[in-house]
Structures are given as C-alpha cells and as structure tokens.
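If you want the building blocks of each chain, they are given just below.
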Amino acid sequence: MKRALITGVTGQDGSYLAEFLLEKGYKVYGLRRRTSTPNYENVQKIKDQIEWLSGDLTDMASLMEAVRVSQPDEVYNLAAQSYVAASWPQPLATGHMTAISVTNMLEAVRLMKPDAKYYQASSSEMFGKVQETPQRETTPFYPRSPYGVAKVYGHWITVNYRESFNMFACSGILFNHESPRRGLEFVTRKVTDAVARIKLGLQTDLKMGNLDALRDWGFAGDYVKAMWLMLQQEEPDDYVIATGEMHSVRELLETAFSYVDLNYRDYVIIDSQFVRPAEVDLLLGDCNKAKERLGWEIELSFKQLIHMMVDEDLRRVQAEQKYNEELSRVMV
Ligand code: NAP
Ligand code: G4F
C-alpha cells in the first residue's frame, strides 16, 4: 500500500487530493495544525480514513516527526497562507508560511525520507505582471504581491533541492482553481455564496473590488489529479496546470447571477477596500506540456464550475436557513 503525506489537507485542494488518493488505495497521512476551533468541514466524509499528524509548517521539528512517522512514498506540500489579499497586511507571516516553510518541508524530507517523491504547490500568481501571454513553464516571473514573492521562493528552492540533492521534487504551477470548498473570501466563492443569499432574500448587495481582472479558472477536483500525475512520471519536472481560457470578474458575476435569473448590476457595489495595492491584471495558462506528458485534461468548464458552485451554495444556505428557523421555533 502506497503512503502519502499531505500538508494542508483540511484546505480545498488537500481535501480533494486526500479523497482521490484514498480511492486509489493509498494510506493517507494528513498534517494539521492546532487551531482554537478545528474545522474539518472539507474532510468530513473521510475524516476517519486519514491518519492525523500534528504539526505546523513553521515548526521544522514537527515536520520531521511527521515524515518519520508516516514514511511517505509521496509528499504533497499544499499548506500555505494562500490568500493573496492577506499577504499585504501580513507580509512576514506570509513569508514564513508560504516561503521559508517550503525549505522546512524539503529539509524534513531530505533528512528523514530522501527517496520520497515531493510535490510543491506553486502558483500562477508568480507570473504577476505577465511577461508573455499565455504563460508557460519558461515564462519569467514578476510577482505583484508578498504572496507571489513567497511562492517564487518556494518554487526555486524546490528546483534547487532537485538539482542539489537529486530529490524527486516537482513543482506544479497551478492557475486559479475553485470549488464549493473554496474559502469564502476568494472571489468565485464570495460571488456564488452572495448569489445564493440574495436569491433567498438574506442579502441585499455585494461589495466587490476590481471587476476587470482576468483569470484562468478551473475546477480543483481536476487539478489534484495533475499533482498526482506529476509524481507518477519517470523524472521530476515542473508543469503549468490551467484551462487555457480566461474570464473577467465581471463575466464571473454575469455567469453566476444570470444562472438564478438575477442581474448583477442591480446588486454589485464597488468598494475600495477590495481593490489591491498592486493587481495581477490577467492570467492565462498554456498547459500543453502537462497535456502531452501527463495526459492531463480538464473535465469541467468555467460555466459548469460556476453553476455547480451556485447550486451547492443554494443548497447549503437553504439548509442553514431551515435549521435557524427550526431553532428559533424551539427557542420561543
Ligand atoms: P487553502 O484552502 O487556503 O488551504 C490551505 C491549507 O494550509 C489549510 O489546510 C490550512 O490549515 C493549511 N495551513 C496554513 N497555514 C499552516 C501552517 N502554518 N501549518 C500547517 N498548515 C497550515 O488553500 P488551497 O486553495 O487548497 O491551496 C493549496 C495550495 O495551493 C496552497 O499552497 C496555495 O497557495 C496553492 N495554490 C492554490 C491555488 C488555487 O487557486 N486554489 C492556485 C495555485 C496555488 P487550516 O485549515 O488550519 O487553516
Ligand atoms: O479569488 P482571488 O482572491 O484569487 P487570486 O488573488 O487570483 O489568488 C488565488 O489564485 C492564485 C493562483 O493564481 C493562488 F495562488 C492563490 O493562492 C489564490 O488561490 O482574486 C481573483 C481576482 C483578483 O484580481 C482580485 O483583485 O478577483 C479580483 N477581485 C475583485 N473583487 C476580488 C474581489 N477578489 C476577492 N478575493 N474579493 C473581491 O471582492
């Protein structure tokens, strides 16, 4: 039985990846940090199938212990401070959690299980002020946020460990990928959650930032398969993973609101608090290398993805509404 260690297993990608690996018959070890209110929402269905290990990205001893105990064939390093907008008010925490921690994890693997295959969650945010379009593996980086800068460090230290220590270390340069498990602060989920609340009469408007930004949005469930495929190759390498299609935030609003017969113009208010100090205007990925070498393909289109997220948020918000109504009846 193959063994995998996943950091960030409670997050969006970690939860899809854990499900995928469990279905393939892996023994899955999940690293979780101590939080005052633990949140297992994303892994509820598989919580009892995961071997839980306690650790924090910024604590190398805990990572070494996690690798020692799990003896993984494959390590997926997905944990990070992953919200770009939070990286300006928290640049140092982002640097520790998203940059330096990658060296912590690589060192833990190098010292405790050097033959483990290692996946690093790199990001299209590294392309930032894009130097060519579409962006591919050879496109120079020009990050525009402390998060993007931190990811560039994580990317290059992964390449460096591959070249210095002959480790099987791969970096997936993933473009934006979304799902009903996306955090509520990210733009797709913020919009689909608001659409559900507005439709059900629980919210009256939606405050947004830059509607002209363009992103290459795919489905997280498709993207975790690419992570696994990278570690099944003969040689370690880096790959861009994207849909090759780009849409504006405005198109996202149109797609989500019109799905429930609403016009976004009646609800959206531009609020400067959601405009970033430096913006990534557009991201569009060229994933031909992944298609050719990994045989990777997307299964869900942009429209299908946004409709699925609206459906799921409608279902969840309705269930919450029903629960609150029943609760208030019992309390009277
Ligand atoms: P996410 O939902 O924000 O999940 C982040 C995970 O990291 C959570 O499980 C979180 O644990 C954990 N974590 C954060 N700080 C930690 C620490 N100090 N110690 C241990 N665990 C910690 O992110 P995601 O969307 O799944 O993304 C996964 C990875 O891919 C991230 O590295 C992200 O930067 C990168 N990425 C994402 C995208 C995308 O579009 N989603 C694109 C490119 C790259 P808690 O549950 O305790 O918070
Ligand atoms: O959904 P976002 O916050 O994602 P962003 O900044 O592109 O980062 C995500 O993708 C990266 C890959 O490129 C990951 F590495 C990273 O971890 C994360 O998963 O914002 C998308 C766009 C931005 O241009 C932002 O300015 O939407 C624009 N936007 C406009 N109004 C907004 C809002 N974003 C958010 N979060 N909230 C708004 O109200």
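Residues numbered from 1 in each chain as written. Chains lettered and ligands numbered in written order. Predicted model: local features only at pLDDT ≥ 70, side-chain atom pairs only at ≥ 80, totals over all residues. Heavy atoms only, no water.

## Focus on the side chain of T94
Now for step 1: With respect to the secondary-structure elements, T94 resides in helix α3 (residues 91–112).
Now for step 2: Apart from residues no more than four positions distant in its own chain, T94 is found in contact with Q81, A86, S87, A99, P146, Y147 and A150. (Helix = DSSP H or I, 4+ residues; strand = E, 2+ residues; numbered from the N terminus. Contact = heavy atoms within 4.5 Å.)

## Some points on the site of ligand 2
Now for step 1: Around ligand 2 sit 24 residues in total, of which S82, S123, S124, Y147 and R276 are the nearest.
Now for step 2: A distance of 2.8 Å separates an oxygen atom of ligand 2 from a polar atom in the side chain of N176.
Now for step 3: R276 places a side-chain nitrogen or oxygen 2.5 Å from an oxygen atom of ligand 2.
Now for step 4: Notes on ligand 2: free accessible area 720 Å², of which the protein chains cover 97%.
Now for step 5: Looking at the shell around ligand 2, the elements that each hand over two or more residues are α5 (187–199) and β8 (206–208).
Now for step 6: Grouping the amino acids of the shell around ligand 2 by side-chain chemistry returns 10 nonpolar, six polar and eight charged. (Near = heavy atom within 4 Å. Polar contact = N/O pair within 3.5 Å; in protein donor to acceptor, adjacent residues only side chain to side chain. Areas by Shrake-Rupley, 256 points an atom, 1.4 Å probe, with all protein chains shown as cover. Nonpolar A, V, L, I, M, F, W, Y, C, P; charged D, E, K, R; others polar.)

## Focus on the UniProt feature "domain: NAD(P)-binding" (unreviewed entry) in the chain
Now for step 1: The UniProt entry lists residues 5–309 under the feature "domain: NAD(P)-binding" (unreviewed entry), expressed in the numbering used here.
Now for step 2: Secondary structure content for residues 5–309 is 38% helix and 16% strand, and the end C-alpha separation is 28 Å. (UniProt positions renumbered as here; feature names shortened; annotations may be inferred.)

## Section: the packing of helix α7 (residues 249–259) against helix α9 (residues 302–331)
For any two helices packed against each other, one specifies the inter-axial angle together with the distance between the axes.
Now for step 1: With their axes 10 Å apart at the nearest point, α7 and α9 run at an angle of 50° to one another. As the angle between them shows, α7 and α9 are arranged oblique. As for the relative orientation of α7 and α9, their crossing is right-handed in sense. Note on element contacts: α9 touches α7 through F302, K303, I306, H307, V310 and D311, opposite L252, T255, A256 and Y259. (Axes fitted to C-alpha atoms, helices over the stretch in contact; angles between N-to-C directions. Parallel < 35°, antiparallel > 145°, perpendicular 65-115°, else oblique. Left-handed = near helix turned anticlockwise from the far one by under 90°.)

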